[in-house]
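An overview of the molecular structure
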Amino acid sequence: MSLRSRLAHRVAGDLLTRIEELEAEVQENRNLNLRVAELIDLVQELLIPVASQDRDRIDAALAKFQHSL
């Protein structure tokens, strides 16, 4: 195997490794974005019941959130 082909093979391997790392990071980011969206939904569910002092709706929203964990 020539030096050029060994270098090309190494670079290709390094690039594939980096792509796998980036794909894992993208998936982690997606999971975090989903979690943030869930938290935003919870805050929205809590704002109106809290403003109206609706304890049943507050408890239901918190229970739904706890169940999602």
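Residues numbered from 1 in each chain as written. Predicted model: local features only at pLDDT ≥ 70, side-chain atom pairs only at ≥ 80, totals over all residues. Heavy atoms only, no water.

1. Side note on the nonpolar core
Among the nonpolar cores identified, the biggest contains five residues, and these are Leu-42, Leu-46, Ile-58, Ala-61 and Phe-65. Residue assignment for this core shows that the elements contributing at least two residues are helix 1 (3-51) and helix 2 (55-68). The element contributing the most residues to this core is helix 2, with three residues. Setting aside residues up to four positions removed in sequence, Leu-46 forms contacts with Ile-58, Ala-61 and Leu-62. (Core = buried A, V, L, I, M, F, W, Y, C linked by side-chain atoms within 4.5 Å. Buried < 20%, exposed > 50% of the residue type's maximum accessible area, 1.4 Å probe, protein only. Helix = DSSP H or I, 4+ residues; strand = E, 2+ residues; numbered from the N terminus. Contact = heavy atoms within 4.5 Å.)

2. Overview of the pattern of salt bridges
Pairing between side chains of opposite charge can happen when their charged atoms approach one another. On inspection of all chains with the given rule, the structure shows three salt bridges. For Arg-55, the salt bridge is made with Asp-59, and the minimal N-O distance between the two is 3.1 Å. In this pair, Arg-55 and Asp-59 are both assigned in helix 2, four residues apart and thus about one turn of the helix distant. (Salt bridge = Lys/Arg side-chain N within 4 Å of Asp/Glu carboxyl O.)

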